[in-house]
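What follows is each chain in one-letter form.
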Amino acid sequence: MKKSTPSSAFSFSKIYCSLFGHDYLLSKNVTHHVKEYTCSHCGEQATTNSRGRLEVMTPKLKEINNILASVHAKRAAKYKANTPPFQAAS
């Protein structure tokens, strides 16, 4: 008979975050308004929602952010290609 093991391992960092809260650090700029964060202690990921508040990262949100980042990069490249170079007045 096999003994069942818990799905997540015991971790002091998870206990620290549950007591004192997460210490989120910026891990990725998706757009100017949407960013991804990672906790420096436990590694939990979060992203900003439409209201600017943090939400825990889910696979669906990860996919949305990846698509949003690619669309934003394409639009930024198109904008940069269409703008004339700056010329100083003499």
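Residues numbered from 1 in each chain as written. Predicted model: local features only at pLDDT ≥ 70, side-chain atom pairs only at ≥ 80, totals over all residues. Heavy atoms only, no water.

Student: Got a minute to help me understand the packing of aromatic side chains in this structure?
Tutor: For any two aromatic rings, the description comes down to two numbers: the centre-to-centre distance and the angle of the planes. Enumeration according to the criterion identifies 1 aromatic pair in this entry. With a centroid separation of 4.9 Å and 50° between ring planes, the pair formed by Y16 and F20 is classed as tilted. Taken together, the residues span about one helical turn, with Y16 and F20 both in helix α1 (residues 12–20) at a distance of 4 residues. Classification of Y16 by relative accessible area gives partly exposed; the value is 37%. A relative accessible area of 63% means that F20 is categorised as exposed. (Phe/Tyr/Trp six-rings, centres within 6.5 Å; stacked < 30°, edge-to-face > 60°. Helix = DSSP H or I, 4+ residues; strand = E, 2+ residues; numbered from the N terminus. Buried < 20%, exposed > 50% of the residue type's maximum accessible area, 1.4 Å probe, protein only.)

Student: What is the right way to read the sheet that holds strand β2 (residues 35–39) from this model?
Tutor: Pairing between sheet strands relies on hydrogen bonds along the backbone, with the strands arranged either parallel or antiparallel. Strand order in the open sheet made by the 4 strands is β1-β2-β3-β4, with antiparallel pairing throughout. The outermost strands of the open sheet, each flanked by one partner alone, are β1 (24–29) and β4 (54–56). When strand polarity is set aside, the average angle formed by the axes of neighbouring strands in this sheet is 35°. Note: strand β3 (residues 45–48) against β4, 3 bridges, orientation antiparallel. Paired with A46 across the strands is V56, a residue of β4. Docked against the sheet, helix α2 (residues 59–82) engages β1, β2, β3 and β4, running at close to 55° with respect to β3. (Pairing = 2+ DSSP bridges. Axes fitted to C-alpha atoms, helices over the stretch in contact; angles between N-to-C directions. Contact = heavy atoms within 4.5 Å.)

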